[in-house]
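The lines below spell out each chain.
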Amino acid sequence: MHTITLNGLTRKFGDLIAVDTVTFTVRTGEIFGLLGPNGAGKTTIINMLTTLLAPTSGDATIDGHDIEGDPEGVRRSIGIIFQDPSLDIGLTGRENLDFHAMMYGIGAAERKKRIAEVLDVVGLTGKADVLVENYSGGMKRRLEIARGPIHRPKVLFLDEPTLGLDAQTRRKIWNHIRDLNTKYAMTIILTTHYMEEADYLCNRIAIIDHGRIIALDTPAGLKRLLQGDIITLGTGGPAESLVPALQDRPWIREINCDNSIMTITATEGESRIPDFFTVAQGLGISIVSVSIRQPSLEDVFIHLTGSSIREEAGSRLGHVHSGMRRRMMR
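Position labels on residues start from 1 in each chain and follow its written sequence. Local features in a predicted model are, by the rule used here, given only for residues with pLDDT of at least 70; side-chain atom pairs are given and counted only at 80 or more, and totals for whole chains, interfaces and linings are based on all residues. Computation of side-chain values: all heavy atoms of the structure, hydrogens and water removed.

## Details of the overall build of the protein chain
Formally: Secondary structure counts use DSSP, requiring at least four H or I residues in a row for a helix and at least two E residues in a row for a strand, with both numbered from the N terminus. Burial classes follow relative accessibility: with a 1.4 Å probe on protein chains only, a residue under 20% of its type's maximum area counts as buried, one over 50% as exposed, and anything between as partly exposed. Residue contacts are defined here by distance: any two heavy atoms, one from each residue, within 4.5 Å place the two residues in contact. The Shrake-Rupley method, run with a 1.4 Å probe, gives the accessible areas here. Residue values count only the displayed protein chains as cover. Think of it this way: Lys and Arg go in the positive column, Asp and Glu in the negative one, and His and the chain ends go nowhere. A charged residue contributes its charge at one atom only: NZ of Lys, CZ of Arg, CG of Asp or CD of Glu.
Each helix and strand counted, the protein chain has twelve helices and 15 strands in total. Principal-axis analysis of the C-alpha atoms places the extent of the protein chain at approximately 80 × 45 × 35 Å. Looking at the protein chain as a whole, 49% of its 330 residues are labelled buried. Sequence-distant contacts, at least 24 apart, represent 69% of the contacts inside the protein chain between residues at least 6 apart. Counting every atom, the protein chain has about 15,000 Å² of accessible surface; 50% of that belongs to carbon and sulfur. Side chains of the protein chain carry 37 positive and 40 negative charges; the gap between the two charge centres is 3 Å.

The following block contains the structure:
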């Protein structure tokens, strides 16, 4: 069963197409991720789905409510946690939650019960009566995550839920998000540009770039797109000198070179390593380091877009590779 359905959803700002005919569905109870760099269109999609922004064309439904035909029905079905903080720092954590619950018409006894529940889920019970102005950044984010589901929405939207937080706090918040999903059987759709976050949290991920969905699958399914292991060679000279001697190997799927570093996607990678030494020795090139690993979502993103998500986030128009890049997907 699908709780969220998008069909050709498009948003233009003048001549700029921010979201380009996006179509996908989200299953009930699923954690679904929109993964992409800043400016890819993730937040614009969320804004349309939460009725904050009208689409230029296409349509979407949330829990059976059309985002344009029944925006009130959509709003009754959702909770939203925005990128930017929206807490009242002059209130305690408990008072922030109580005020939010009152806005949804939840009675006093039920409010008290739900506030205790969500505070426990995000680990803030002991800080409930502390003014929010005295909270750390991670505590504030956890309080916002507690507030989002307090009215038991069918769908919870999280827009970059751990943006700007340190790695330890980020991991704690991931666990809180999973607890919310499990405890309340809540459908969650989140945007992120953190590869590890998408991999850890999401049942399925849509990779979005320049307003388009370029791949959609489970994390494991996306990694299988590369059809091989990732081998990294450090060479004693320009790595691209090895390319002509390697590029016709049928087991090599892709080669990237950056100065003295060569990154190769190869089937049965471990058994192929001796061949690299043989080729390099024949050309008089030394190999000074070798590593092998399974593909990551970062590797998938680079394969699909030609650049890393960090480069994309830093400069959408900049030159993304200083070295040579060759694709040989067969």
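## Things to note about the packing of aromatic side chains
For any two aromatic rings, the description comes down to two numbers: the centre-to-centre distance and the angle of the planes. Rule in force here: In this analysis, rings of Phe, Tyr and Trp, with Trp reduced to its six-membered ring, are considered paired at centre separations within 6.5 Å, and the interplanar angle assigns stacked below 30 degrees, edge-to-face beyond 60, and tilted for intermediate values. Only when the NZ atom of a Lys or the CZ atom of an Arg is both within 6 Å of the ring centre and within 35 degrees of the ring normal do we say a charge sits over the ring.
This model, assessed by the stated rule, comprises three aromatic pairs. Residues Phe24 and Phe32 carry aromatic rings whose centres are separated by 4.8 Å and whose planes lie at 15° to one another, so their mutual orientation is stacked. Using a relative accessible area of 0% as the deciding quantity, one classes Phe32 as buried. Measuring from centroid to centroid gives 5.7 Å for Trp251 and Phe276, while their planes differ by 70°, and the two rings are edge-to-face. Of this pair, Trp251 sits in the loop between helix H9 (243-246) and strand E12 (252-258) while Phe276 sits in helix H10 (residues 269-282); the two residues are 25 residues apart in sequence, bridging distant segments of the chain. Accessibility expressed as a relative area gives 12% for Trp251, which makes it buried. A cation over an aromatic ring shows up here: Arg170 above the ring of Tyr194, its NZ or CZ 4.0 Å from the ring centre.

## A look at unusual backbone geometry
Apart from glycine, the bulk of residues carry a negative phi angle, and the bulk of peptide bonds sit in the trans form. Phi is positive for Thr51, close to 70°, though the residue is something other than glycine. As for its placement among the helices and strands, Thr51 is situated in the loop between helix H1 (42-49) and strand E4 (57-62). In this structure Thr51 comes out as buried when scored by relative accessible area, which is 15%. Its identity as a non-glycine residue notwithstanding, Gln227 has a phi of 50°, on the positive side. With respect to the element layout, Gln227 can be found in the loop between helix H8 (219-224) and strand E11 (229-235). You can call Gln227 partly exposed: its relative accessible area is 40%.

## Some remarks on helix H5 (residues 137-147)
Counting buried positions along H5 yields nine of eleven residues, so the element is predominantly enclosed. Every buried residue of H5 is listed here: Gly138, Met139, Arg141, Arg142, Leu143, Glu144, Ile145, Ala146 and Arg147. Contacts made by the buried residues of H5 are with strand E6 (78-81), helix H3 (93-103), helix H4 (108-121), strand E7 (155-159) and helix H6 (167-184).

## Let's talk about the pattern of salt bridges
Applied cut-off: One speaks of a salt bridge when a side-chain nitrogen belonging to Lys or Arg is within 4 Å of a carboxyl oxygen belonging to Asp or Glu.
Considering all chains together, one arrives at 17 salt bridges under this definition. Between Arg111 and Asp98 there is a salt bridge; the shortest N-O distance is 2.8 Å. Of the two residues, Arg111 is situated in helix H4 and Asp98 in helix H3; the sequence distance between them amounts to 13 residues. Under the relative-accessibility criterion, Arg111 is labelled buried at 14%. The class of Asp98 is partly exposed, set by a relative accessible area of 25%. Between Glu144 and Arg147 there is a salt bridge whose closest N-O contact spans 3.6 Å. Taken as a pair, Glu144 and Arg147 lie in helix H5 at a separation of three residues, close to a single helical turn. Residues participating in the shared-partner salt-bridge network are Arg27, Glu30 and Arg204.

## Things to note about the sheet that holds E4
Put simply, the test is: Two strands form a pair only when DSSP identifies at least two bridges running between them. Convention adopted: a line fitted to C-alpha atoms gives each axis, helices being fitted over their contacting stretch, and angles between N-to-C directions are expressed from 0 to 180 degrees.
Read across the sheet, four strands follow the order E2-E1-E4-E5 without closing on themselves; strand pairing throughout is antiparallel. Strand pairing shows two members of the sheet lacking a second neighbour, strand E2 (16-27) and strand E5 (65-66), which therefore form its edges. Bridge count for strand E1 (residues 2-13) against E4 is five bridges, and the pairing is antiparallel. Across the sheet, Thr5 pairs through a bridge with Thr61, a residue of E4. Taken strand by strand, H1 contacts E1, E2 and E4, and its axis lies near 115° from that of E1.

## Section: the environment of Met262
Mapped onto the elements, Met262 comes out in strand E13 (residues 261-266). Assessed through its relative accessible area of 0%, Met262 is described here as buried. The spatial distance from the C-alpha of Met262 to the C-alpha of Gly107 is 62 Å, given a sequence separation of 155 residues.

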